[in-house]
Amino acid sequence: MLESFPLLDKQVLIPRGKDQAKSFSELVERYGGTPIEIPLIAFRPIEKNQRLQDCLKALDTYDWIIFTSNVTVETFFSFYNEVDTTFPKIAVIGKKTAEVLKDKGLRAEFVPSAYVAEVFVDEFLPYINNSSRVLLPKGNLAREYIARALTEVGAEVDEVVIYETYMTEESRVKLAQMLGDNQLDILTFTSPSTVDHLMDVVNENGLHEQLRNCVIGCIGPITEKKLLGYGLVVHASPEEYTVKEMIKSTIAYLENEEKLSKK
């Protein structure tokens with residue numbers, strides 16, 4: 001039974017919102033675990049965004065537009081829905097981002113081999129020259145690495161903040177309660193922001209000791225670095241930056257711990 005359901009009796013934090021949590025939760029359930037959906041991050045568009053409006057009016061002057069997440073795609077097209085032949089070439093980070101674009105009838109011209117900014121830049125630079133104009137819509141907490149790297153080779157990059165990230169009060173209360181009662185066995189993190197938001201709650205409520213009882217998994221080296229910066233132990237951080245691989249890596253850790261305990 002345990003071999004078939006390696007997450008049996010484990011309560012797993014799902015840090016995504018309702019619209020994004022379904023496939024994540026189903027994966028946990030498939031392995032016998034109990035998904036606990038507490039969105040550690042929520043998004044809201046920045047309204048009355050004059051800078052974005054100015055960029056949209058000049059959209060046909062850009063050679064490339066870069067989407068770094070499906071949230072960026074959805075938010076961008078909530079402001080713009082007039083896709084035509086003047087739309088720039090599209091570069092994306094992530095399979096999900098490309099899929100969301102495809103649903104909108106658009107195709108990504110460039111997708112990197114790994115879904116982190118450093119790999120994206122290394123593989124995208126050959127497409128850029130000192131006359132390239134690039135539009136980079138982003139969230140308020142996004143890194144500046146891509147824009148800085150492209151600017152250094154002569155490209156003109158317009159970064160536009162189109163949404164902001166936050167954590168709802170409902171999530172803060174639920175997280176504090178469940179951590180305080182030691183009801184979470186596995187914590188998963190999908191971005192540095194999810195780490196920061198959880199640690200805000202931990203620091204506010206003095207829940208550091210409770211974290212010692214949790215197995216921690218994450219996606220990507222930047223998220224892992226953020227966790228380590230808080231002094232946390234990362235038990236699972238797969239080389240492929242997907243939820244599926246994070247869960248597999250977490251299971252591998254648990255199974256290894258079980259073997260060691262039997263020696």
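Residues numbered from 1 in each chain as written. Predicted model: local features only at pLDDT ≥ 70, side-chain atom pairs only at ≥ 80, totals over all residues. Heavy atoms only, no water.

Peer 1: Is there a simple way to explain unusual backbone geometry in this structure?
Peer 2: Most peptide bonds take the trans configuration, and most residues that are not glycine carry a negative phi. Positive phi is not limited to glycine here, since Asp9 has a value of about 70°. Structurally, Asp9 is set in the segment before strand E1 (11-14). The backbone phi angle of Asn182 is positive, close to 55°, even though this residue is not glycine. Relative to the elements of secondary structure, Asn182 occurs in the loop between helix H7 (169-180) and strand E8 (186-189). (Helix = DSSP H or I, 4+ residues; strand = E, 2+ residues; numbered from the N terminus.)

Peer 1: What's the story with the sheet that holds strand E5 (residues 89-92) in this structure? I'm lost.
Peer 2: Think of a sheet as strands paired side by side through backbone hydrogen bonds, with each pair either parallel or antiparallel. Across the sheet, which stays open at both edges, the five strands sit in the order E3-E7-E6-E4-E5 with mixed pairing between neighbours. Of all strands in the sheet, those bounded by a partner on one side alone are strand E3 (42-45) and E5. Neighbour-to-neighbour, the strand axes of the sheet open up by a mean angle of 30°, direction not taken into account. Sheet analysis places strand E6 (residues 133-139) next to strand E7 (residues 156-166), joined by seven bridges and oriented parallel. Across the sheet, Pro137 pairs through a bridge with Val160, a residue of E7. Strands E3, strand E4 (64-67), E6 and E7 of the sheet are contacted by helix H3 (residues 70-79), whose axis makes an angle of about 100° with E7. Contacts from helix H6 (residues 145-152) reach E4, E6 and E7 within the one sheet, and its direction differs from that of E7 by about 175°. (Pairing = 2+ DSSP bridges. Axes fitted to C-alpha atoms, helices over the stretch in contact; angles between N-to-C directions. Contact = heavy atoms within 4.5 Å.)

Peer 1: Honestly, the sheet that holds E8 in this entry has me stumped. Any pointers?
Peer 2: Spatially, E2-E1-E8-E9 is the arrangement adopted by the four strands of the open sheet, whose pairing is parallel. Each edge of the open sheet is held by one strand with a lone partner, namely strand E2 (34-37) and strand E9 (215-218). Between one strand axis and the next, the sheet turns by 25° as a mean value, whatever way the strands run. By the bridge criterion, four bridges tie E8 to E9 in an arrangement that is parallel. What sits directly across from Thr188, in E9, is Gly217.

Peer 1: Sorry if this is basic, but what is going on with the pattern of salt bridges here?
Peer 2: Pairs may arise between side chains of opposite charge once their charged atoms sit close together. Per the counting criterion, the structure on display carries eleven salt bridges. Two residues, Lys226 and Asp196, come together in a salt bridge whose shortest N-O distance is 3.4 Å. Pair noted here: Lys226 is in helix H10 (residues 221-229) and Asp196 is in helix H8 (residues 192-205), with a separation of 30 residues, a long-range link. (Salt bridge = Lys/Arg side-chain N within 4 Å of Asp/Glu carboxyl O.)

Peer 1: Hey, could you run me through the nonpolar core in this one?
Peer 2: When a protein is soluble and globular, its nonpolar side chains tend to lie buried together. One finds Leu175, Leu179, Leu187, Phe189 and Leu198 to be the most contacted residues of the largest nonpolar core, which totals 25 residues. Those elements that place two or more of their residues in this core are H7, E8, H8 and E9. Per-element tally for this core: the top contributor is H8, with five residues. Setting aside residues up to four positions removed in sequence, Leu187 forms contacts with Leu13, Leu179, Leu198, Leu211, Cys214, Val215, Ile216 and Gly217. (Core = buried A, V, L, I, M, F, W, Y, C linked by side-chain atoms within 4.5 Å. Buried < 20%, exposed > 50% of the residue type's maximum accessible area, 1.4 Å probe, protein only.)

Peer 1: Whenever I open this one, the environment of Tyr145 confuses me. Can you help?
Peer 2: Along the chain, the position of Tyr145 falls in helix H6. Classification of Tyr145 as partly exposed rests on a relative accessible area of 23%. Sequence separation between Tyr145 and Leu184 is 39 residues, and the spatial gap between their C-alpha atoms is 34 Å. With sequence-adjacent residues up to four places away left out, Tyr145 is seen in contact with Ala117, Glu118 and Val121.

Peer 1: Sorry if this is basic, but what is going on with the packing of aromatic side chains here?
Peer 2: By convention here, two paired aromatic rings are described through the distance between centres and the angle between planes. Applying the stated criterion across every chain, the model contains 15 aromatic pairs. Taken together, the aromatic side chains of Trp64, Phe110, Phe120, Phe124 and Tyr127 make up a single cluster linked through ring pairs. For the cation-ring pair, Arg44 lies above Tyr166, with the distance from its terminal atom to the ring centre recorded as 3.8 Å. Against the face of Tyr62 rests Arg133, its NZ or CZ located 4.4 Å from the ring centre. (Phe/Tyr/Trp six-rings, centres within 6.5 Å; stacked < 30°, edge-to-face > 60°. Lys NZ or Arg CZ within 6 Å of the ring centre and 35° of its normal.)

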